[in-house]
Structure formats: C-alpha cells, structure tokens
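# Structural overview
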There are 2 protein chains.
Amino acid sequence: MAGTQLSSSGPAGGDGSAPTAVISPSEELPAPDEGELATLRQIGRRWASVLIDDPERFTRLPVNPALGRFSLEPAPTRFGRFARILMFRPGERGELVATEQATEESTRSGRALAALKRAIVGPPLASSAVVQERMRKLVALAVLSSDVLSSVAYGPEAMLTALVAAGSGALSLSLPLGGALVLLMIAVGMSYRQTIRAYPNGAGSYIVASDNLGEVPGLCAAIGLMFDYVLTVSVSIAAGVAAITSALPEWRPLAVPMGLLVIAVLLAGNLRGVRQAGNLFAAPSYAFMLAMYVLIAVALAQAAQRGFSPVPPPPIAPTEALSAMLILRAFASGASSMTGIEAVSNAIPAFHPPEWRNARTTLSWMVVLLVTMFSGLTLSIHLNGLVPSADETVLSQLAHRTFGPGPLYGYVQATTAVILLLAANTAFNDFPRLLYYMARQQHAPRIFLRMGDRLAFSNGILMLAVTAAAIFTIFKGQTESLIPLYAVGVFLAFTLSQVGMVVHWWRRRQEHWRLSLFFNALGGGLSAVVLLTAAVTKFTEGAWIVVIGIPLLVWTCLRIRDHYRRIQRVTALHEVVDVAGKGIVPARPNVARRELEESPDEIRHLLVTPIAQMNLPALRALAYAASLGQPVLAVHLSPEEEEARRFRRQWQIWGNHLPLEVLVSPYRAVVPPLVHYLRALRAQRPNLVLTVIIPEIVVRSFWQRLLHSQLGDRLRRTLRLQRATVVTTVPFHLPE
Amino acid sequence: MAGTQLSSSGPAGGDGSAPTAVISPSEELPAPDEGELATLRQIGRRWASVLIDDPERFTRLPVNPALGRFSLEPAPTRFGRFARILMFRPGERGELVATEQATEESTRSGRALAALKRAIVGPPLASSAVVQERMRKLVALAVLSSDVLSSVAYGPEAMLTALVAAGSGALSLSLPLGGALVLLMIAVGMSYRQTIRAYPNGAGSYIVASDNLGEVPGLCAAIGLMFDYVLTVSVSIAAGVAAITSALPEWRPLAVPMGLLVIAVLLAGNLRGVRQAGNLFAAPSYAFMLAMYVLIAVALAQAAQRGFSPVPPPPIAPTEALSAMLILRAFASGASSMTGIEAVSNAIPAFHPPEWRNARTTLSWMVVLLVTMFSGLTLSIHLNGLVPSADETVLSQLAHRTFGPGPLYGYVQATTAVILLLAANTAFNDFPRLLYYMARQQHAPRIFLRMGDRLAFSNGILMLAVTAAAIFTIFKGQTESLIPLYAVGVFLAFTLSQVGMVVHWWRRRQEHWRLSLFFNALGGGLSAVVLLTAAVTKFTEGAWIVVIGIPLLVWTCLRIRDHYRRIQRVTALHEVVDVAGKGIVPARPNVARRELEESPDEIRHLLVTPIAQMNLPALRALAYAASLGQPVLAVHLSPEEEEARRFRRQWQIWGNHLPLEVLVSPYRAVVPPLVHYLRALRAQRPNLVLTVIIPEIVVRSFWQRLLHSQLGDRLRRTLRLQRATVVTTVPFHLPE
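### Some words on the confidence of the model for chain A
Residues and elements named next belong to chain A. Mean pLDDT over chain A stands at 82; residues scoring 70 or higher make up 88%. Ranking the elements of chain A by mean pLDDT puts helix α1 (residues 2–8) last with 32 and helix α13 (residues 355–383) first with 93. Across residues 1–19 the pLDDT falls below 50, and counting only partners more than four positions away or on other chains, this stretch makes 36 contacts in the model. Confidence drops under pLDDT 50 across residues 77–84; counting only partners more than four residues distant or on other chains, this segment forms six contacts. Reported for the predicted complex are a pTM of 0.82 and an ipTM of 0.83.

### With respect to the relation of the copies chain B and chain A
The operation relating the pair of chain copies consists of a rotation about an axis and a translation along that axis. Note on the identical chains: chain B maps onto chain A by a rotation of 180° and an axial translation of 0.1 Å, with an RMSD of 0.2 Å. Taken together, the rotation and translation relating the two chain copies correspond to the operation of a two-fold axis. Identified as the residue of chain B closest to the rotation axis by C-alpha distance is B:Thr728, at 2.1 Å.

### Side note on the domain arrangement of chain A
Domains assigned within chain A are domain 1 (66–99), domain 2 (133–563) and domain 3 (603–733). For domain 1 of chain A versus domain 2 of chain A, the distance between C-alpha centres works out to 51 Å.

### Here we look at the pairing of strand β8 (residues 632–638) of chain A
Residue and element names in this part refer to chain A. Extensive coverage of β8 is indicated by the burial of seven of its seven residues. On β8, burial covers both faces: Val632, Ala634, His636 and Ser638 on one face and Leu633, Val635 and Leu637 on the other are all buried. Here strand β7 (residues 604–610) pairs with β8 via four bridges, running parallel. Directly across from Pro610, in β8, lies its bridge partner Val635. Crossover connection from β7 via helix α21 (residues 616–627) to parallel β8: handedness right-handed. Traced from β8 through helix α22 (residues 641–654) to strand β9 (residues 660–664), the parallel crossover comes out right-handed.

### Notes on helix α16 (residues 458–474) of chain B
Along an α-helix, residues three or four positions apart point the same way, because every turn accommodates 3.6 residues. Residues and elements named next belong to chain B. With 17 residues, α16 extends 24 Å from end C-alpha to end C-alpha; this agrees with the ideal 24 Å at 1.5 Å per step. For α16, the set of buried residues is Ser458, Asn459, Gly460, Ile461, Met463, Leu464, Ala465, Ala468, Ala469 and Phe472. Tucked into the core, α16 has its buried residues touching α8 (215–247), α9 (255–271) and α15 (407–440). Looking one or two places after α16, you find Lys476, whose phi comes out positive at around 50°.

### Digging into the packing of helix α18 (residues 513–537) of chain A against helix α19 (residues 539–571) of chain A
Residue and element names in this part refer to chain A. At their nearest, the axes of α18 and α19 sit 7 Å apart, and the two run at 115° to each other. Of the residues in α19, those in contact with Ala534, Ala535 and Val536 of α18 are Phe539, Ala543 and Val547. Along the lines of polarity and charge, the residues of the contact of α18 with α19 split into six nonpolar, no polar and no charged.

### Describing the pairing of strand β7 (residues 604–610) of chain B
Residue and element names in this part refer to chain B. Counting buried positions along β7 gives five out of seven residues, so the element sits mostly inside the fold. Sheet topology places β7 next to strand β10 (residues 688–698); five bridges connect them, and they run parallel. The residue bridging Arg604 from the neighbouring strand is Leu688, located in β10.

### A look at the interface of chain B and chain A
Contacts between the two partners involve 144 residues from chain B, matched on the other side by 146 residues from chain A. A per-class count over the side of chain B that touches chain A returns 82 nonpolar, 32 polar and 30 charged. Across two bridges, strand β4 (residues 96–98) of chain A lies against strand β9 (residues 660–664) of chain B in parallel orientation. Along β9(B), the bridge assignment pairs A:Leu96 with B:Leu663.

### Some words on the environment of A:Pro257
Residues and elements named next belong to chain A. Considering the arrangement of structural elements, one finds Pro257 in helix α9 (residues 255–271). The exposed category is assigned to Pro257, around which 12 C-beta atoms lie within 10 Å. Along the primary structure Pro257 and Thr533 are separated by 276 residues, whereas in three dimensions their C-alpha atoms are 34 Å apart.

### Re helix α5 (residues 155–163) of chain B
With nine of its nine residues buried, α5(B) lies for the most part within the structure. Within the sequence span of α5(B), burial applies to B:Gly155, B:Pro156, B:Glu157, B:Ala158, B:Met159, B:Leu160, B:Thr161, B:Ala162 and B:Leu163.

Analysis parameters
- Residues numbered from 1 in each chain as written.
- Chains lettered and ligands numbered in written order.
- Predicted model: local features only at pLDDT ≥ 70, side-chain atom pairs only at ≥ 80, totals over all residues.
- pLDDT = per-residue confidence, 0-100.
- Helix = DSSP H or I, 4+ residues; strand = E, 2+ residues; numbered from the N terminus.
- Contact = placed C-beta atoms within 7 Å.
- Least-squares fit on C-alpha atoms with pLDDT ≥ 70 in both.
- Domains from an automatic or database assignment.
- Buried ≥ 20, exposed ≤ 12 C-beta atoms within 10 Å, placed from the backbone.
- Pairing = 2+ DSSP bridges.
- Right-handed = clockwise from strand over helix to strand, strands pointing away.
- Expected span 1.5 Å × (residues − 1).
- Axes fitted to C-alpha atoms, helices over the stretch in contact; angles between N-to-C directions.
- Nonpolar A, V, L, I, M, F, W, Y, C, P; charged D, E, K, R; others polar.

Structure follows, in structure tokens:
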C-alpha cells in the first residue's frame, strides 16, 4: 500500500504513518535498511576469505590518503604565484572536509560559468546552513496569505467576465454567486482546519491523498498542484502587470517583456535562496489588506450616500443566452479567488509550537480576511456598476471611481501589483518543494532532490520559471485566458486531499471524528462540484489541456517510479544469499553471475588495447596495460591487407613484446568488427572480464575535437552496452 | 617548402615531386618514416630489458586471440535461433578478416540506421573494389566535357543580361565580347595542354599551385575551386530547372523544390557511388552536342535566308549608361561559359596510356567543341535579336524561334536540362576528391579522408549537397544572381595554376620550355584579367562574399594544418633519444615525462574508486579494482557529516577490506572536490598514475538517462583533462 512506501523513505518522523516534511541534503544517498546491511556483512566475509593469503595486500598505499592531516596544500593563485590554500580540513571523525576552495572548477570555462553563477546567486552555503524557519502567527498570516488574498485581485473580475457574456443585465447575478463562493470558502476553510489537526507535520494534498487514498490519487493531487503553481506564477504576474498597465496605460505594449523580467527576477532571487523572510513579506501583505479595506469602506460609504442604490452598468449586448452553463462557468471562474487557501496546511512545521494549533488559528484568520475582502469587493463592484474591460482591471476601475486619480488610487494599484508578485514568489517556494517530496517517493527525476549552492532546489526553481515564462509568453500575458486552466488543477488537489481526510477519519474514528468527517466531506464535496463545473464548462476554453495533461503526467510519474524501483531492486545487495557456508551466491543467478562478480577472486582479466598507429599515445596505452600485470592483447584494425602488413612490420621492429591480433576490415567499419571480435573472445571463456584500454588524444576546444575522429568516444558508447566489458581511456595531453 | 610536405604524405608516385592522384582507403593510417621506425626499435629494446625477468609474461593469454582459426562463430539470427554466421575469416598472413556480417551494429537503433542507409546507398563495398577506371578518348570527351559544354547554356545569356542594362542597343557588343572570350578559351586551353604534359599524374590547380607557388597559393586555388564546385551545382541545377520551366511555364512555382529534389537525387546517387560510368554519361553529352549543332546550323541557315541581317532586338530602355565597367562586367559574366575547362587536367590518370597524350588530345577536342558551340550560339542569338527574359532562357527562345514549338524544341530543352544535371554531378565527383587531397595534406579535417560504405567520400559528398542546397534555397534558384559569385573562384584557380606552370617551366627549363612558358603565361595573364574584372565589377553584386570568404577559408585551412602538425609532432616517436646505452629518455622532457611513460616499469599505480552507496554496482567496481592486484583506495563523497558517519558504519560492517577515505563536501559539489583530492594525491608522488574506477549503471534509452545523474560522464569529462589520470568505467547492466 501507498502508506508503507511513503514511510519507508527518508528518516522516520511525525506520527509514524506520514512522511516528515524535514528536508535534508543527504536525501540523494538513501540509507540502506537492516536486510541490506546483513547481506553486506555476508559479502564482506567472502572477501575476507579471499584476502586471507595476504591480509595486508591492500593496506600498502603509495600515498597518504589523508593527505598528511592538518597540512596545507600549495596551489597556484590566479596571479600565478603559489599560495597556501586550504582545500581540505580534517573533520571530527577522521574524514576530510572540503572547503569552499575545493568547489572550484578545474577548467577555464567551468570557472567562468561558476563565477557568473556566483555573481547572480551569491557564494555557496554549507549544508549545515539548512535550518527550519519558525514564524509568529502575525508574520505567518502575512507570508502565507499573499497567495490567496492576491487572488481576490482577479477572482471577482473573472466571474464578471464570464457573466457579461450574457449582457450587462446578468452582472447582478454576481451577488448570489458571490454568496455561494463565500459559503464554499468557509466550508473549505473548516475542512482544512480538520486536516491540520490530523497531519501536524505537514498536510500537503500530495501527502494526505497518498496516505489515505493511495499512490495514484496522491499523484493526481500533486500534478494538479503543479499546474496550480505554474499557473499561479503566470496568472499572478499577468494580473500584477495588468495592475501596473491599468494605472500607466502607455506601458501596455511592454506587458509581456515586463512579465518575463519579473519571472527572471523571481528566478534569480529564488536561486539565491530568498526565504519567506518575515518582515520583507509581511509589510506588503498588510499594506495590501489596508488598501483593500479602505477601498471597500470608502466605496460602501459612497454607496450609502446614494442610499445603496446600484449604479446601472453601461448597456452591453449579450453574446450568448443566459444559461445554467454560463452561470456555472462564472461560478468556476470566481472560485479562482480562493486558490492559495491550502498554503497554511503545507507550512505547519514553520509555526512555533504547538504548530498545528497556531497554524489552525492562522488559517481561521486567513479565511476571515478572504471572505470579508472578497464579499466587500464584489459588493462594491456591483454597487458601482462596473464591467470588465480589456484596458483596465475592475479593481483599478473601482479604485479610480472611489478615490479619483490621486495618490490613494496609486497606492491601491501599487500594493496590488506587489502582492501579486509575492503570490508568484510563493509558488517558487512550493513547486520545488513538492517536486522534492515527489522525487523522494521516486515519482520525479532524482535531480529534484539536489540542493543547489544556496540550499534551494535549483532544478525545480528553474523548471518552474521556464514553464511559467513559456505559458506567459504563449498566452501573451492575458490573465483571463489562463484562468480556465487554473481552477481544474487546484480543485482537483482540494477534492482529493479532503476526500482523503474523510477516509482518514473513517479509518481512525478518534475523538470528534464524526464532526471532522462532516466538515471534510462538505469541503470535499463542494470542491468536487467546483472541479466538475470547471472541467465541464471550461473544457473547450483550455481546461482540456489540464484534463488530458494530468493523466499523462501521472502516467509519466508512475513510469519514473517503476524505473527507479527496478534500479533499486537490481542494484540492492539483497540479491545474494548465503549457501551452506560456502560463501555467497546470487539469489537470482541471471542478475549477478552474468557480469563482474562481487568478489575479486572470481574475475579473470584480459586487457585489450586497440592500436591504430605505433605512436606515443599508443605506446603509453600499451605500457599502461602491460604495467597492470594482467594478460594483454593488442588489436590492430586495418582497412586493407596492405596496411595490415605495414603495421605488422612496425610491430616486429618494436620487438613484438605483446600478443598482437590484426583485424582487416575490408568494409572499413571500425567499431562493429571490434565489438564482434571482443564478443567472440568472451564467448571462449565466460568468466572473462575484458578491459578495453583506449589511447585517446585529449584536445580542449570543441573546434579541435571536430578535427579528430572521436573514435574513443564512439567505441566507449558502444562497448558500455556489452556485458563484462570495462572501458578504460588512457589520455594523451598536448603540452601546454 | 610546400613541395617536400606534399611528397612526404601518401605513397610516392609520379615524377617524384608531385603527389600522386591515387586514392587509398589506408590514407587515414599514414605509414611511419624510417626515423620513427628507428626510434620504435630503440623503445622496443627498453621494453625487452624490462620484460627480461619473465619473458613469457605476456604470451599466456586466457583465450585464443585468433578465435580458433577456420572456426565459425555461432550467432543468433534475427529469427531467434542460432545459426553459424562467419564473422571473421583467416587472411593470407595470419590476420583475421572481418566479413560483411561483422559490420553489423550492436544496438537496435544502430541497426535500424544501418538498414536505412543500406536501403538508400546499397550494401557496403570492400576496399579491394577501389579500381582506377580507364576511359577511351571518345567516352572521356563526353564525360569530362559535360561541365564546360553545359556552361554554354547559361554563359551567353549571362553576358547579354549584363549588356542589356545599357539598353537593347548595347546588345550588339555581344559579338566583339564573344570574340574576346573565344580567344581566352583558346589561350586557356593551350595553357592547360602544357600543364597536362608537365603533370601526367594529375594536374589539378591545387596540386600545381601548391607545388610551384607554395602552400598558400595552393590553398587559394583549392578554395577557389571549392567555391566553383558548390556554385556549379547550384548554377547548373538552376539552369537545368530553368530549361524545364521555359518549356513548361506552369511548373515555374515549383522551381525551388524541383532543384532541391535534384540535389537529393544526386546526393543519394553519389553516396551509392555512381561512377562517371562511360555509356551512361556519354549518350546525353553527345545528344546535347547534336542538339546544339543542329540548332546553330538551322538558325544560321535561316539567317542566311535573311541575308544575315540581324533581327533588331525589341527596344529596351537603358537603366545605366554604357560604360567600360559595364562591358567588363558583361565579359566576366560571359567567361562563366568556360568553367569546367579544367576537368581534363584533373582526370589524367583516368585515360588509357599514354595518359597525358590522350588527355591532351581530348582537351583539344573539347576546346574545339566549346569554341564552336559558344561562338555559334552567340552569333545565332545576335542574329535573332533575342534579349534575356525572366520567364524563358535565351537558349529556349532561340530554339523556339528556330524550330517552333514542336518536338525539336522539346529535344533541345530536354538535352539541355540533362547535361546541366550531369554537370552538377561532375562537381559531386570533384569536390569530395579535392577535399580528400586537402585532408591528405592536413589542410582539411581528417573525416574527408574516410571512404564510405560504397568507397565514395561520403563526408565530402554530404557537405557539397548541404552547402549547394543552402545556396540554391537562399538565392531562390535564380541563376543570374549566382553567376557573380562564380567567376571569381574559377578564375582564381585558373590563374594560380597557370602562374604555377610559368614558375615550373622557368625552374626546369626542359625542352620547349620557352613555348610552354609563353602559353601558360598568356593563359594565366588572361585569366588574371578576368579574375580582376570579375572581382571588381561584381564586387557589390555578391563577389565580395568570395573575396572575403577565400582568405577566411585559407586561414582556417592553415589553422587546421597547424593543429594536425602539432598533434603529429607531439605524438610522433622521434620525441625520445637514446642516452648512453641507458635506455630511452625523452628528447623534450616536458612532453614525455609528465604523463605515463612509454615503458611499463616506470608506472606506479594507485586505483581510486569513488563510491556513493554500498550497492551492487559499487561492490563490482571494488571487486574489479581489487582483482587487478594494484593498490586500491576507495573514496566516499558525502554532503553531510551525518551521512559520512552512516557510510563509514556500512564500510565497517562490510569488513573494511580496502582503505577508505571519506570526503565531506559541505557545499554539495561533487566533481571539483574529487578532482582536487586526486590532484593532492598525485602531488605526493609525481610518478603516480591514478586510475579512477567509476561504477556506472548503464541504461539504454535517452529518457532513462535523464533519470540518472550522469555523474560518471561528468567525472570522466573533467578527469580526462588531468595529467596521468586514467578513467575506467565498470558498467552495471540491468537484466533484460
């Protein structure tokens, strides 16, 4: 079952059934379990019996591997002189610890690239700098709510845009629809309160759905959230840019470059490891809240002076009939106002203890903020009779009409733009972390486990930036056209996580389980309604991409998992069993016996050196081969008998010191005859391990490489596919 | 001097000073000279003194390298059963000869690619199939003249196009200009007669100019000819397509795809190794000659009926004044009629003996054909008052007016189209051969030495097809706009080759040298005039590309030569000297001493195995390393002290059989700390040779590779740049 898989990876933590949210740079090197360690001990005993003839055989090293502890290594500085630079310092348990100097690349282009990277993201941070941030509730509220609160900047407008298709008369439907959405927000909020209590170590939809519903639902939730994060970046930036171009219409042609610039800045900032550092994020969030409440208060006060009689909207001819479908579409569009509501549940470990209680309180505050802002704005927009326009956002129209063109209007637009950018930044935190969790479960490529120089998940950050920038460019920065894609992914994740909680409560039946189950079922059911509504009503408008994309990506994740599992299975040490005290034999002979054995005494060597000409690189390769003290066979491949004779004469002149076999390839093929010849050699003696020693002239630049045949590379690429064939390259460097 | 370089490569031949035109598939493996062989003998003696302890040490092979002579190797057929397929058969001198079966690729994608290639170009030919074709004079005339005779299909028109810019009145200048061109043709023809006598083994411009004027002039001639060949393909195909679209105007929109299709057919045909097989080429050439002579005869007869009074051309307003510049431009354009006149001099070895005499006779016939056709056509066009038009070639107009729209007109157009395609095919023979000669002199990348499956120079053929197709597409198949580019390259080669002959005669002063020198000086001088005229008058029309391109490409060729010379110098065996009977020491210590030595006794080994996890691939790599019987050091790189401790515990459980050094890399860099550590190890003992043994999981598909870190590849790429560091990959294959 999914539950066992999840808890088997990573250090155990939390309540024992759910995986921990703790992030470690050692995740790339998972620890072996006890069974593997036992097998390791068995294999080691076999080695001991082999090495008994000469127990000190391997302890005589020609060098000191500890480099002479506490000594400094002289290294040339970039000014050409030698300075004593500390590359390694001794660790606490006898290991060598690489210093920052030891991260320097050894090629010139590598160093240039590293310098560029350092200029953008700063110097690397040590692994020990991974710390779990803790936030006060007031800070957490600001940090975590930027995503959901910023959604009110485009949610109501999206709803009106859908309604106005039925003419300006249909706009009055915004009030009942807004009411329904408020109920939805409260239900989902209550539902997440239950989730937080049950998963105090982190209650992301991927974890909750995997844990209770199984692997595929978990993956569906994860992929849904990934769509959400990518689209959050695209939509938030599009809305932020729209807030700016509403105030400064002359910048409108620059909308797409501006958005891409913002993505680039977010990319660089997040690669640097910009944390959700409290004060930096709290101020704009509260500034935005203030702006919204002042705007709502003034707008309602002005409306009160008019006796709350709504300004009639300008007459707009309907382009389609008012239908249930249209109303549902407007509802699904408006539901985008609540994307981001799940942020608190992902971030529980970031609260001060008791984490889950503080997180729950913060979530409640957040829902109150969301509901009041959303309903206040929807009401104010209705009372002012505003209609969506291509040139100016509805929020901008409202602020304009309420405050006039003065500084208060500018304040509203500026805080709106900033909070939208912060919301995009939230996705830059969440997306790579989700990929990390997925990679830890082998559902995503292992590169997403890797922590970059600044302890950020650079690969995930890069992937998000590239994808979001591509989508932003393809849709030319038009918010509305992106929203259909949006709701499906988010509400899929909401639904699955809450349905998962229903299963959770039903299985556990702890205290208060009936009430919790009720709230989760209500939230899940309503989310499912929105999900279906969005998927159906927006299918032709672009939601089909998500509807098709999610199963496709889930399938890909499962294939990735299968591959990693297979690798793990065949490389794991429990592939061998101990037979009758005789040592270790493989449990499945076809795996272990067909290649190199695990014990050194079973290997019979033959070193094969392909030689084209008797030149210095070739003689070095021959000397290298001969010096290893194993049987050596030189092979010369010739296009013609004539040339073969010439080569044999050279070999005789040299002294015929090694066995030589001349292969004539009259069809001038090089790699295939050599491969077939090596196969034929191995066929004579199955336990033979062939080591092909290839002399190779190393040139540095790409252009110089074009002038050489790359035969070594071609040979290596082909030979690596051959069993029990080891490829060795003896380099020949040009003098500087 | 150039002469010595030239004769030092390839088997000696001809008169001893010029290189031979004989082509051999062994050219990729040049034979060492006597000095190198002497050094080889010295080095061998050193090995003998090392191996004296155990002289049979290397003769005990665990397998029979000759594979059990005369035995057949069983191999699985594609139907899954085992069949006895002969991969290798014994050669005459004890070598193994690979059969065609042994050229089969070992990967599935490789086999699919090979099958596709075989479907297009046919099964591979053995090297022994290289034969020097010999042609009778009448066949040779047809084969070699297709290029130059086809030029009269566009040459006169190009001249008229230049003249008509000064209005239709200027068209009458075509007669005196044509007369001057006839004189030029005769002079150049006489000049080439001298060249053929002096270079009976092949008198290509590259060879003649290199031999007499030096390397750079030789390269200039070669690059000029390369421009010529590329443009011959583009211009001939454009003219051939124009001949078709003149007759079938409704096909005009398809001109570019038609031309590209023809290039593709020529490419495939030449990759297949379509030889200039006599009858195939002779028939269309003679058919074209017949067509032209009938056309000229009828046109002149019709004019004679009119009393040779020229039909006045339709009035055309001048777009520029009639100036000396314009006349020179028309002259240079008309000179494109004689491109291809050098064909005979390249092909002397293809004649029956006495080659040079038969070649000279053929050249004379060819010049007669060229002069009569060119002058007849120019006169006929003038007498009929034809002017160039965008829709119909002048030749088509002439045939139309002379024969009406009947079958005779169709015959003229069809033979014109075919001979133009044959001319393009000539370039497909000459261009790759020129590149082969250049590569043999190290002036071009070595891949152009390689003979493909069908013994054609596939790489050169591909390069010509791609370049010509690109030019044809860029110029949208417009012949006229290509002609400015044309004349400069051809006449540069003509001039340099004939000036080279002047130097040749002056140096030798053999019998008749004065007369020969005179003819060559006349031809060279007139060619130089055309060259200058073309370069100056057409500079702004596109000739600047050639004027700038030639020096650039010559510079590139010289850089290529420098690189190859350097490689040859540092890899050659004469880098060592024998010192006082003590053995061999390097002549230049910085070259040979700093890396692996040439004698096996000087190498001190340390095998280093980087291990990430104690899994099956890692244990196999350790077993492989330990079984070689040399000191082994395992290195583990860890991102955290915590993980390092965990690994050390596993190592203890295994039994601590090998020395282990744990490196902690707190900045999570992998490759750089390892490289710095290896450097630090080597710094302790300068004659140490490090062999880095990397365990590697081999996955087959590209997609699977994305799921792995490719650490082995990255490590190998970096370590190959380190001196005295050998990289070995121990593969771990997934079970099928």
